[in-house]
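Now for the letters of each chain:
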Amino acid sequence: MPEGLIVKALSGYYYVKPDAAAPGETVQCRGRGIFKKKGLSPLVGDRVVYTPTENGEGTVDEILPRETELIRPPVANARLAVLLFSLKEPDLNLQLLDKFLVHIEHAGLRTLICLTKEDLLEEDESARDQDLTAQVKELYEQIGYEVIVTSSMTGSGTGEVKSRLAGEISVFSGQSGVGKSSLLNAMLPGLSLETNEISMKLGRGRHTTRHVELIELENGAYVADTPGFSQLDFLELGVEELSTCFIEFRELAEGCKFRGCSHLHEPGCKVRQAVDDGVIANSRYEHYVQFHEEMKEKKRRY
């Protein structure tokens with residue numbers, strides 16, 4: 001029985017790329033009724049066993065074990081999240097960046113932070129902007145994240161991103177209007193994804209992506225072109241899990257005086273001590289406190 005990878009799901013059909021197939025070659029399959037009975041649903045990114053049918057189509061018979069499973073966007077076996085935030089238009093929003101990082105840590109994925117639109121740093125402000133870019137890059141690299149500064153216009157950094165994606169299923173995520181489609185187009189000439197012009201009035205782009213699909217690059221990379229983690233509402237996350245999603249808190253938290261320390265007001269808190277000592281960035285701790293409050297507020301409402 002042949003095996004393959006689901007690269008697209010649309011209108012009840014699963015488009016399976018057979019293991020030996022050339023890029024872009026897929027078999028249109030239906031799922032077996034047994035999946036519905038078991039409450040299972042094949043996802044884009046699933047490795048599956050399928051049976052070819054006489055009309056050149058096929059039936060998905062079995063879903064092979066998953067390494068990871070995302071709910072939003074619905075993708076299986078992604079191991080890397082590429083988080084895109086623009087340096088300009090829209091301006092860099094570190095609170096939103098930290099919120100995305102919390103969700104990615106909770107999902108158990110590795111992260112690559114891409115700071116896009118390097119070409120938009122204006123001449124007269126460039127020294128200040130370059131300084132900010134360097135500070136942000138250094139801050140997140142010190143925490144332990146990989147950061148690449150890119151420009152789809154000049155091609156700067158796109159080769160580096162592409163080689164980082166090799167052999168992985170990746171999810172592209174981030175603010176709207178930061179150039180997700182432009183970066184993918186720059187990495188794969190001829191792709192011509194519909195790029196969305198940013199609406200300056202709203203400060204966000206219009207979503208041009210309507211279904212989940214894996215885009216194959218020639219280096220064995222598959223990129224999920226999706227609207228990303230569009231609903232960042234913390235509903236899937238328990239308030240007690242929040243601190244573990246700030247990776248620089250984890251080791252320090254083991255030394256806190258109280259087990260289950262919230263890092264807000266308890267005496268003998270090593271995390272707060274590290275903030276006072278400048279080991280943890282103030283912005284990161286402030287966002288932790290804000291998210292903690294937001295989660296408690298949500299709990300009270302539901």
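All figures in this text were calculated on a predicted structure; none of them were measured in a lab.

**Student:** It is not clear to me how the overall build of the protein should be interpreted in this structure. Could you clarify?
**Tutor:** What the protein contains, in helices and strands, is eight helices and 15 strands. At a minimum sequence separation of 6, the contacts of the protein that also span at least 24 residues come to 64%.

**Student:** In this structure, what is going on with the nonpolar core? I would like to understand it.
**Tutor:** Note on soluble globular proteins: their nonpolar side chains tend to be buried together. Residues Ile113, Leu115, Tyr140 and Leu214 are the most contacted members of the largest nonpolar core, which totals 42 residues. Cys256, Val271, Val275 and Phe291 belong to the second-largest nonpolar core, a separate cluster that totals 19 residues.

**Student:** Help me out: how do you make sense of the pattern of salt bridges in this one?
**Tutor:** Working definition: two side chains of opposite charge can pair if their charged atoms are close together. This model, assessed by the stated rule, comprises 16 salt bridges. Notably, a salt bridge pairs Arg32 with Asp61, separated by 3.6 Å at the nearest N-O pair. Here Arg32 is found in the loop between β3 (27-31) and α1 (33-38), whereas its partner Asp61 is found in strand β5 (residues 58-63), with 29 residues between them in sequence. Overall, the relative accessible area of 18% leaves Asp61 in the buried class. Here Glu294 and Lys99 are joined by a salt bridge, their closest N and O atoms 3.0 Å apart. Residue Glu294 is found in helix α8 (residues 282-301), and its partner Lys99 is found in helix α2 (residues 94-107); the two are separated by 195 residues along the sequence. Given a relative accessible area of 23%, Glu294 falls into the partly exposed group. Through salt bridges with shared partners, one network takes in Glu67, Arg79, Arg110 and Glu168.

**Student:** Hey, could you run me through the packing of aromatic side chains in this one?
**Tutor:** To describe a pair of aromatic rings, one takes the distance between the centres and the angle between the planes. The full count for this structure, using the stated rule, is six aromatic pairs. Note on Phe246 and Phe249: the rings are 5.1 Å apart at their centroids and 25° apart in plane angle, and the pair reads as stacked. One exposure class covers both Phe246 and Phe249, and it is buried. Between Phe249 and Tyr288, the ring centres sit 5.2 Å apart and the planes meet at 70°, which makes this aromatic pair edge-to-face. Of the two residues, Phe249 sits in helix α6 (residues 247-253) while Tyr288 sits in helix α8, which places them 39 residues apart along the sequence. What makes Tyr288 buried here is its relative accessible area of 1%. An aromatic cluster is present here, built from Phe246, Phe249, Tyr285, Tyr288 and Phe291 joined pairwise through their rings. The lysine or arginine in question, Lys8, covers the ring of Tyr15, its NZ or CZ lying 4.9 Å from the ring centre.

**Student:** Before we go on, may I ask you to explain the packing of α2 against α8 in this structure?
**Tutor:** Between two packed helices, what matters for the description is the angle formed by their axes and the separation of those axes. For the pair α2 and α8, the least separation of the axes is 10 Å and the interaxial angle reads 65°. With respect to each other, α2 and α8 are oriented roughly perpendicular. Note on packing geometry: the crossing formed by α2 with α8 is right-handed. Where α2 abuts α8, its residues Leu94, Gln95, Asp98, Lys99, Leu101 and Val102 lie against Ser283, Arg284, His287, Gln290, Phe291 and Glu294. Classifying every residue of the contact of α2 with α8 gives four nonpolar, four polar and four charged.

**Student:** Any chance you could explain the confidence of the model for the protein here in plain terms?
**Tutor:** Parts of the model with low pLDDT should not have their predicted coordinates read in detail. Summarising the model, the protein shows a mean pLDDT of 84, and 85% of its residues fall at 70 or more. Predicted confidence in the protein is weakest over strand β12 (residues 198-199), with a mean pLDDT of 32, and strongest over helix α7 (residues 270-276), with 97. Below pLDDT 50 for its whole length, residues 194-209 participates in 33 contacts with residues either more than four positions away or in separate chains.

**Student:** Even after reading the chapter, I still don't get the packing of helix α4 (residues 158-165) against helix α5 (residues 180-187), so can you show me in this structure?
**Tutor:** At a closest axis distance of 10 Å, the pairing of α4 and α5 adopts a crossing angle of 85°. Taken as axis vectors, α4 and α5 run roughly perpendicular relative to one another. On α5, the residues touching Thr158, Val161, Lys162 and Leu165 of α4 are Leu183, Ala186 and Met187. Of the residues contributing to the contact of α4 with α5, the split by class is five nonpolar, one polar and one charged.

Rules and cut-offs
- Residues numbered from 1 in each chain as written.
- Predicted model: local features only at pLDDT ≥ 70, side-chain atom pairs only at ≥ 80, totals over all residues.
- Heavy atoms only, no water.
- Helix = DSSP H or I, 4+ residues; strand = E, 2+ residues; numbered from the N terminus.
- Contact = heavy atoms within 4.5 Å.
- Core = buried A, V, L, I, M, F, W, Y, C linked by side-chain atoms within 4.5 Å.
- Buried < 20%, exposed > 50% of the residue type's maximum accessible area, 1.4 Å probe, protein only.
- Salt bridge = Lys/Arg side-chain N within 4 Å of Asp/Glu carboxyl O.
- Phe/Tyr/Trp six-rings, centres within 6.5 Å; stacked < 30°, edge-to-face > 60°.
- Lys NZ or Arg CZ within 6 Å of the ring centre and 35° of its normal.
- Axes fitted to C-alpha atoms, helices over the stretch in contact; angles between N-to-C directions.
- Parallel < 35°, antiparallel > 145°, perpendicular 65-115°, else oblique.
- Left-handed = near helix turned anticlockwise from the far one by under 90°.
- Nonpolar A, V, L, I, M, F, W, Y, C, P; charged D, E, K, R; others polar.
- pLDDT = per-residue confidence, 0-100.

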